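If you want the building blocks of each chain, they are given just below.
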Amino acid sequence: MGNVTAIVPAGGLGRRAGGDVPKQFLLLRGMPILTRTLLHLTTSGLIDALILVVPPGAEEWCLTQILAPYPLPATIEIEIVPGGVERQESVFRGLERASEDARLVVIHDAVRPFVSSDLLRRTVEAAWSFRAAVAAVPAVETVKMVESGFVRETPSRDRLWIAQTPQAFHGDLIQEAYRRAAADGFRGTDDAMLVERLGVKVRVVPGDPENIKITTAEDLERAEVILSRREGAGCGSASATTFIPWSPAAH
Ligand code: C5P
């Protein structure tokens, strides 16, 4: 079908969540969150190449602490590139490194370690058919649009979905979307948004409620619960080597 390249933005410093260590670099039951994400992507059988975008200065550390100690398939080359100040810039840097042969690009956040092969497959297949696809789950809570402390509007819940990653696109389309956004100074909060503004219809693929984005300390607790149910209540997988944490302050 052609080359499928994954881009994994892992360049955030996670300041919102507090603490010094970006969430993607934290250990979850003995294995870094980012390593777990990369294992799911590279063992899915759906990806040919992977570009990992990390905070500038963390490239070497990622190689020795995130990749080398773990059994990632040697058949998939992982290229590490330095990211930008915001997620959009980090993904753009990854896209700039993608090969011209990348017919399909899958973008998946480092901080969503519970992505399943099924969800990846659904998203990739929809993107081959429709050019652009986004995983999303229906909103279960009522969403209010608020202005100056008062409700301005309550959009009908039946039409509201919460976007996740993976999001997948034809290579030429996502390249064009990111180039146009940069030229126009447009900032979006996900990748699909940049494609939507080109007038291209984005297909929605049923996501997975457990495909959570780990942003806060509460998310980390939830991740532990999901993992202990999946792996059993034992002490978790031991780290392959002595793990040396990364923090922006030290680099
Ligand atoms: O910023 P947000 O919480 O939406 O981050 C989602 C993903 O984007 C995370 O995996 C994070 O590491 C990544 N990111 C990035 N470069 C940034 C900011 C966030 O790659 N400058």
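Preceding this paragraph is the structure being described.
What you see is a predicted model; the values in this text were computed from it and never measured.

A. Representation of the nonpolar core. Grouped together as the largest cluster of nonpolar side chains are 41 residues, with contacts concentrated most on Val-8, Leu-34, Leu-38, Leu-50, Leu-52, Ile-66 and Leu-67. Of all the secondary structure elements, the ones that give two or more residues to this core are β1 (3-9), α1 (33-42), β4 (49-54), α2 (59-67), β5 (77-82), β6 (102-107), α4 (117-130) and β7 (132-138). With six residues, the single largest contributor to this core is α4. Discounting chain neighbours no more than four positions away, the residues touching Leu-38 are Val-8, Leu-50, Leu-52, Ile-66, Leu-67 and Leu-72.

B. Layout of the packing of aromatic side chains. Applying the stated rule across the entire model yields five aromatic pairs. With centroids separated by 6.0 Å and ring planes inclined at 25°, the aromatic side chains of Phe-92 and Tyr-178 adopt a geometry described as stacked. With a gap of 86 residues between them, Phe-92 in helix α3 (residues 87-97) and Tyr-178 in helix α5 (residues 171-184) connect regions that are remote in the sequence. Feature note: the residues Phe-25, Trp-61, Phe-243 and Trp-246 constitute an aromatic cluster, connected by ring pairs. Positioned above the aromatic ring of Phe-186, the side-chain terminus of Arg-197 is 4.3 Å from the ring centre.

C. Quick look at the layout of surface pockets. Considering only enclosed or pocket space, the second largest pocket measures out at about 370 Å³ in volume. Lining the second largest pocket are 16 residues, and of these Val-137, Ile-162, Gln-164, Pro-209 and Arg-222 sit closest to its centre. Only β7, β10 (161-170) and α7 (217-231) provide two or more residues apiece to the lining of the second largest pocket. The residue inventory of the lining of the second largest pocket, partitioned by class, reads eight nonpolar, three polar and five charged.

D. Representation of the pairing of β1 in the model. Within β1, six of the seven residues are buried, leaving the element largely enclosed by the surrounding structure. Judged from the five bridges that link them, β1 and β6 form a sheet pairing that is parallel. Along β6, the bridge assignment pairs Val-4 with Leu-104. Of the pairings in the sheet, the one linking β1 to β4 comprises five bridges and is parallel in character. The residue of β4 that forms the bridge with Ile-7 is Ile-51.

About the cut-offs
Residue numbers restart at each chain and count upward from 1, following the sequence in its written direction. Reporting of local features is limited, given that this is a predicted model, to residues whose pLDDT is at least 70; pairs of side-chain atoms are given and counted only at 80 or more, and all residues count toward the totals for whole chains, interfaces and linings. Side-chain numbers come from the whole structure's heavy atoms, not from hydrogens or water. The nonpolar core is taken to be a set of buried Ala, Val, Leu, Ile, Met, Phe, Trp, Tyr and Cys residues, with the residues joined through side-chain atoms within 4.5 Å. Exposure categories follow from relative accessible area, calculated using a 1.4 Å probe and restricted to protein chains: below 20% of the type maximum is buried, above 50% is exposed, and the middle band is partly exposed. Helix and strand assignments follow DSSP, with helices taken as H or I runs no shorter than four residues and strands as E runs no shorter than two, numbered in order from the N terminus. Note on definitions: a residue-residue contact is assigned when non-hydrogen atoms from the two residues lie within 4.5 Å. Two rings from Phe, Tyr or Trp (for Trp, the six-membered ring) form a pair when their centres sit within 6.5 Å of each other. Planes less than 30 degrees apart are called stacked, planes more than 60 degrees apart edge-to-face, and all others tilted. Criterion for a charge above a ring: Arg CZ or Lys NZ at most 6 Å from the ring centre, at most 35 degrees from the ring normal. Only protein atoms enter the 1 Å grid, on which a cavity is a set of points fitting a 1.4 Å probe that cannot get out and a pocket is an open set with protein on both sides within 12 Å along at least 5 of 7 lines, lining residues being those with an atom within 4 Å of a point. Grid points are joined across faces, edges and corners, and a volume is the space filled by probe spheres set on the points. All residues other than Ala, Val, Leu, Ile, Met, Phe, Trp, Tyr, Cys, Pro, Asp, Glu, Lys and Arg, Gly among them, are scored as polar; the first ten of these are nonpolar and the last four charged. Here, a strand pair is defined by DSSP locating no fewer than two bridges between the strands.

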